[in-house]
Amino acid sequence: MSIKESELTLKGAGVTGVPSDLLARTSTHAVSDAPPAGKARELPLVVLSPGFEKTLSSLTGLAEDLASRGYVVAAISHTHENLATVFPDGRVATCTACQVEPHDQSFWDKVGATRADDVSFVLDELTGLRPRWEGSQLIDPAKIAMVGHSAGGASSVAALLKDPRIKAGMNIDGLAIVPVPTSGLGKPFLFLGAQATRTPGSQEAASWETAWQHLTGWKRWLVVVGTEHASFTDTALLGEQAGLDTGATLPAARSMEITRAYVAAFLDLHLRGTPQPLLDQASASYPEVKVCAVEQKSCA
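A brief structural summary.

Conventions and cut-offs
- Residues numbered from 1 in each chain as written.
- Predicted model: local features only at pLDDT ≥ 70, side-chain atom pairs only at ≥ 80, totals over all residues.
- Heavy atoms only, no water.
- Helix = DSSP H or I, 4+ residues; strand = E, 2+ residues; numbered from the N terminus.
- Buried < 20%, exposed > 50% of the residue type's maximum accessible area, 1.4 Å probe, protein only.
- Contact = heavy atoms within 4.5 Å.
- Areas by Shrake-Rupley, 256 points an atom, 1.4 Å probe, with all protein chains shown as cover.
- Lys, Arg positive; Asp, Glu negative; His and termini not counted.
- Charge placed at Lys NZ, Arg CZ, Asp CG, Glu CD.
- Polar contact = N/O pair within 3.5 Å; in protein donor to acceptor, adjacent residues only side chain to side chain.
- Salt bridge = Lys/Arg side-chain N within 4 Å of Asp/Glu carboxyl O.
- Expected span 1.5 Å × (residues − 1).
- Axes fitted to C-alpha atoms, helices over the stretch in contact; angles between N-to-C directions.
- Parallel < 35°, antiparallel > 145°, perpendicular 65-115°, else oblique.
- Left-handed = near helix turned anticlockwise from the far one by under 90°.
- Phe/Tyr/Trp six-rings, centres within 6.5 Å; stacked < 30°, edge-to-face > 60°.
- Lys NZ or Arg CZ within 6 Å of the ring centre and 35° of its normal.

What follows deals with the overall build of the protein chain. When helices and strands are counted, the protein chain shows eight helices and 10 strands. Its C-alpha atoms give the protein chain principal-axis dimensions of about 50 × 45 × 40 Å. Taken over 300 residues, the protein chain has a buried fraction of 49%. In the protein chain, the share of contacts with a sequence separation of at least 24, taken over all contacts with a separation of at least 6, comes to 64%. Accessible area for the protein chain stands at about 14100 Å²; split by element, carbon and sulfur atoms hold 54% of it. Here the protein chain carries 25 positive and 32 negative side-chain charges, and the mean point of each set is 5 Å from the other.

So this is what it looks like as structure tokens:
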């Protein structure tokens, strides 16, 4: 993060009593301008989309893990939908969309459509005739997926419907605010969420159940015991270290480990064709994760 992004993110989260540049000074495992490694048209591409108001930095832990596994990762800060986007020339765009009321279905329809356009633009810039990244020749344009948290996860439906280049999508604990059309969506799709709010039959899971009925391809619904909405992002890790109570009972480091494992399994299956038993049944390695039988309203 830049200093300004750190300042506005902390302010937006209501965090006080810490230096405003704290997040800009937080160490990560990523290195700026590292030379990309791989062979031409060898690497799958994953687009990451954060939650509403959140910057791409909230998915750093997931992005780093996927990159270490040989994925090209493009994380998007959706301008005017997050607390701060700082451009290379120093311009700062704040969350204009946050001022819009009400957040009704027409609002979320626009968010989904805008994010789908953002994703298609990024794919054009990375895989088009004049790519903007020096490692673009490494990308296999036939192996592209989108993974998002919260509104980013919901928007993956809009992107899958709009752009044929995207082969699979994943919604991490986001309401299914972008509807799946009754005509169906046949691309692979995975729901991963908090057990307390995303178990089939609960009121909070109603939007997932509606979407589930119209997902006609490979699909799975998984929930994680002891998590809450932020558990699947860096927000939980940083908040826990700062002494903030997010409401989760599962340690943030374990939540991140689980998120990384299941996102990677989904992508390895659908972009690399590697079988993943982890997605089909309960795992002794991750007993916190439950596989849901939607029709039976149960997860085990």
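Back to the text.
Next up on the list: the side chain of Arg 254. In this fold, Arg 254 is placed in helix H8 (residues 252-272). A polar atom in the side chain of Arg 254 sits 2.8 Å from the side chain of Glu 288. For Arg 254, the contacting residues outside a window of four places in its chain are Ser 285, Tyr 286, Pro 287 and Glu 288.

Moving on to helix H1 (residues 3-12). What H1 keeps buried is the set Glu 5, Ser 6, Leu 8, Thr 9 and Leu 10. Buried residues in H1 make contact with strand S3 (85-86) and strand S4 (92-93). Trailing H1 by a residue or two, Gly 14 shows a phi angle of about 75°, which is positive.

Scanning the model with the defined rule gives 16 salt bridges in all. When the shortest N-O distance is used, the salt bridge between Arg 165 and Asp 124 registers 2.8 Å. Note that Arg 165 is positioned in the loop between helix H4 (151-162) and strand S6 (168-172) and Asp 124 in helix H3 (residues 105-127), a separation of 41 residues in sequence. Residues Arg 272 and Asp 268 are paired through a salt bridge, measuring 3.2 Å at the closest nitrogen-oxygen approach. Of this pair, Arg 272 and Asp 268 both sit in helix H8, separated by four residues, roughly a single helical turn. One network of salt bridges, in which partners are shared, links Asp 124, Asp 163 and Arg 165.

On to H3. Along its 23 residues, H3 runs 33 Å from first to last C-alpha, staying within 8% of the 33 Å computed at 1.5 Å per residue. For H3, the full list of buried residues reads Phe 107, Trp 108, Val 111, Gly 112, Arg 115, Ala 116, Val 119, Ser 120, Val 122, Leu 123 and Leu 126. Its buried side turned inward, H3 meets strand S1 (43-49), strand S2 (72-75), strand S5 (139-149) and H4.

It is the contact of helix H7 (residues 234-241) with H8, at a shortest axis distance of 9 Å, that shows an interaxial angle of 165°. By the angle between their directions, the pair H7 and H8 is classed as roughly antiparallel. Note that H7 runs across H8; the crossing there is left-handed. Contact with H7, carried on its side by Asp 234, Ala 236, Leu 237 and Glu 240, involves Ala 252, Ala 253 and Met 256 of H8 and no other residues of that element.

Here we come to the packing of aromatic side chains. In this description, a pair of aromatic rings is defined by centroid distance and the angle of the planes. Under the defined criterion, the tally for this structure stands at 10 aromatic pairs. Geometrically, the ring pair formed by Phe 191 and Trp 208 is stacked, given 4.3 Å between the ring centres and 20° between the ring planes. Taken as a pair, Phe 191 in strand S7 (residues 189-194) and Trp 208 in helix H6 (residues 206-214) lie far apart in primary sequence, 17 residues in all. Given a relative accessible area of 2%, Phe 191 falls into the buried group. For the ring pair Trp 212 and Trp 221, a centre distance of 5.8 Å and an interplane angle of 65° mean the geometry is edge-to-face. Of the two residues, Trp 212 and Trp 221, neither departs from the other in class, the shared state being buried. Cation over ring: Arg 91 sits above Phe 87, and NZ or CZ is 4.4 Å from the ring centre.

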